[in-house]
Amino acid sequence: MTISANHTAPGTTAPDQGHQEPPENALTEAVKKFGITIEDYMLPARHQIQMVAPDGTLNPDSEQGTEPGHEYPLPGDEELLAAYEQLVVGRRVNDQNSALVRQGRMAVYPSSHGQEACQVAAALCLSEGDWMFPTYRDAVAVMARGVDPVQAMTIFRGDWHGGYDPLKHKVGIQCTPLTTQLLHAVGVAHAAKLRGKDTVVLAMCGDGATSEGDFHEALNFAAVFHLPVIFFVQNNKYAISVPLAHQSVAPSLAHKAVGYGMAGERVDGNDVVALLAVLDRGVKLAREGSGPLLVEAHTYRMQAHTNADDDTRYRESAEVAEWRAKDPVTRMRTYLTGRGLLDTAGEERIAAHAEAVARTLREGLGEDVPVDPQDLFRHVFEKQTPQLKEQSAMLADELARDAAAASDPKEAGK
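So, here's what we can say about the structure.

About the cut-offs
Residues numbered from 1 in each chain as written. Predicted model: local features only at pLDDT ≥ 70, side-chain atom pairs only at ≥ 80, totals over all residues. Heavy atoms only, no water. Helix = DSSP H or I, 4+ residues; strand = E, 2+ residues; numbered from the N terminus. Buried < 20%, exposed > 50% of the residue type's maximum accessible area, 1.4 Å probe, protein only. Core = buried A, V, L, I, M, F, W, Y, C linked by side-chain atoms within 4.5 Å. Contact = heavy atoms within 4.5 Å. Salt bridge = Lys/Arg side-chain N within 4 Å of Asp/Glu carboxyl O. Pairing = 2+ DSSP bridges. Right-handed = clockwise from strand over helix to strand, strands pointing away. Axes fitted to C-alpha atoms, helices over the stretch in contact; angles between N-to-C directions. Polar contact = N/O pair within 3.5 Å; in protein donor to acceptor, adjacent residues only side chain to side chain.

### Points about unusual backbone geometry
A negative phi holds for most residues other than glycine; trans holds for most peptide bonds.
Part 1 of the argument: One non-glycine residue, Lys170, adopts positive backbone phi at about 60 degrees.
Part 2 of the argument: By secondary structure assignment, the location of Lys170 is in the loop between helix 7 (166-169) and helix 8 (180-194).
Part 3 of the argument: Located in the positive-phi region is His226, a residue other than glycine, with phi close to 50 degrees.
Part 4 of the argument: As for its placement among the helices and strands, His226 is situated in the loop between helix 9 (213-224) and strand 3 (229-235).
Part 5 of the argument: Taking relative accessible area as the criterion, His226 reaches 13% and is therefore assigned buried.

### Topic: the nonpolar core
Part 1 of the argument: Grouped together as the largest cluster of nonpolar side chains are 73 residues, with contacts concentrated most on Tyr84, Met132, Met153, Leu202, Phe232 and Met332.
Part 2 of the argument: Per-element tally for this core: the top contributor is helix 10 (residues 272-288), with 11 residues.
Part 3 of the argument: When neighbours within four sequence positions are excluded, Tyr84 is seen to be in contact with Val329, Met332, Arg333, Leu336, Leu342, Glu347 and Ile350.
Part 4 of the argument: Ranked by size, the runner-up nonpolar core spans 24 residues in total, among them Ala203, Val233, Met262 and Leu294.

### Quick look at the pattern of salt bridges
Any two side chains of opposite charge can pair, given that their charged atoms come close.
Part 1 of the argument: Following the criterion strictly, the structure yields 17 salt bridges and no others.
Part 2 of the argument: Notably, a salt bridge pairs Glu288 with Lys33, separated by 3.9 Å at the nearest N-O pair. Of this pair, Glu288 sits in helix 10 while Lys33 sits in the loop between helix 1 (26-31) and helix 2 (38-42); the two residues are 255 residues apart in sequence, bridging distant segments of the chain.
Part 3 of the argument: The partly exposed category is assigned to Lys33, whose relative accessible area is 47%.
Part 4 of the argument: Residue Arg349 pairs with Glu85 through a salt bridge whose shortest N-O separation is 3.2 Å. Pair noted here: Arg349 is in helix 13 (residues 344-365) and Glu85 is in helix 3 (residues 77-102), with a separation of 264 residues, a long-range link.
Part 5 of the argument: On the accessibility criterion, Arg349 (48% relative accessible area) is partly exposed.

### Details of the pairing of strand 3
Part 1 of the argument: Counting buried residues along strand 3, 7 of its 7 residues qualify, which places the element largely inside the surrounding structure.
Part 2 of the argument: Every second residue of strand 3 is oriented toward a common face, with Val229, Phe231, Val233 and Asn235 on one face and Ile230, Phe232 and Gln234 on the other, all of them buried.
Part 3 of the argument: Relative to strand 3, strand 2 (residues 201-206) runs parallel, the two sharing 6 bridges. By the bridge assignment, Cys205 is partnered in strand 3 with Val233.
Part 4 of the argument: Crossover connection from strand 2 via helix 9 to parallel strand 3: handedness right-handed.
Part 5 of the argument: Inspection of the sheet shows strand 3 paired to strand 7 (residues 293-298) by 6 bridges, in the parallel sense. Bridge assignment links Phe232 to a residue of strand 7, and that residue is Val295.

### Observations regarding the sheet that holds strand 3
Part 1 of the argument: One open sheet accounts for 5 strands, arranged 1-2-3-7-6; its pairing is parallel. Every interior strand has two partners, whereas the edge strands, strand 1 (131-133) and strand 6 (263-268), have only one. Put simply, the sheet's adjacent strands are angled 20 degrees from each other on average, direction ignored.
Part 2 of the argument: Against the sheet, helix 9 makes contact with strand 2, strand 3 and strand 7, and its axis sits at roughly 150 degrees relative to strand 3, the strand it touches most.

### A short note on the side chain of Asn97
Part 1 of the argument: Summarising the element assignment, Asn97 is placed in helix 3.
Part 2 of the argument: The exposure class assigned to Asn97 is buried, which follows from its relative accessible area of 0%.
Part 3 of the argument: When near neighbours in sequence (up to four residues on either side) are disregarded, Asn97 contacts Met106, Tyr109, Met143, Met153 and Leu361.

### Structural notes on helix 6 (residues 149-157)
Part 1 of the argument: Along helix 6, the residues classified as buried are Pro149, Val150, Ala152, Met153, Thr154 and Phe156.
Part 2 of the argument: For helix 6, the elements touching its buried residues are helix 3, helix 5 (139-144) and helix 13.
Part 3 of the argument: Capping the start of helix 6, Asp148 holds a side-chain oxygen 3.0 Å from the backbone nitrogen of Val150, two or three residues further along.
Part 4 of the argument: In the stretch just after helix 6, Gly158 is the one whose phi turns positive, near 80 degrees.

As structure tokens, then:
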């Protein structure tokens, strides 16, 4: 027997229940406030959101990319000045850390030079009780969230697991495995919702992460459970050396949102004004119960993937030069100066602050860290296994014999 579209068997009559609308879910309820269709809500605006042009001038309203349901108020002057200060600090941090790697004081550093606007906006859009889950490239965002610079950089020295307390700062530990932090983010958001808290979680990733299975699982879980998570994709055009065109042929990464039943948006990732506007509103809506949001920021990393990468093998210098003209720091400086919000004294104060942070990094990362070999065994399991105890004892005996030999050459070889 076949069943017809109205779920009745042929030759039978379904009970007259009158006209019925599809059942509403949390998403359709959230869309009502915007006065637009659910499709127009989920799909990104037809043009990316950009408020300040690359030359530092404010775009006319008609050229900012906004449309009904995708409207973003201009951030306040104090927020913009704070963002610019963090931009300058972030640029100085990126350059200082790159120098520390060359000096051998750090093992590796994935620079976000050119992506500082994304870093700063990600940190500033959140409230104190909100959580941020960064990638390995988001050290500037971690610092902007209030983490001590040296603690933030500890993981890149290669001598410890991580230098800061995630619970204290509401910042997940940076990690190299791709996209795993998105699953952690939705877990924290789900727990907060079950506890009745108004916590919002910002989950950061790159364009390469959108090709991972964890990305799908995190977005689907967040949408099904209607969680207050903002998935913030920094599309810098390359997953190490793989260009975006070899990863996805979707109209944009933001368009992926509709497949999960959430809203998506595209924003100029080098325009910190637009980023703050989009993320501030996204956090507000998520806190009010509108569910998850996918934000794609178009940006570019000006330097290699890490100090171990040769970016000249997969991209042209002309492409880098094109993006240099869109520099987020220069753009914001020009905009604030043009509005009379930034003068020479302000510039000097901010530059001095940035240099102080750089000095802190130089001094802190220049110190030798005492190494205890027994740490190899202390932090593997909560309760040591017999094998680890045996290995620990063997190491202790070997270290004791080395120490004895160093103090008394006659003991050598015993």
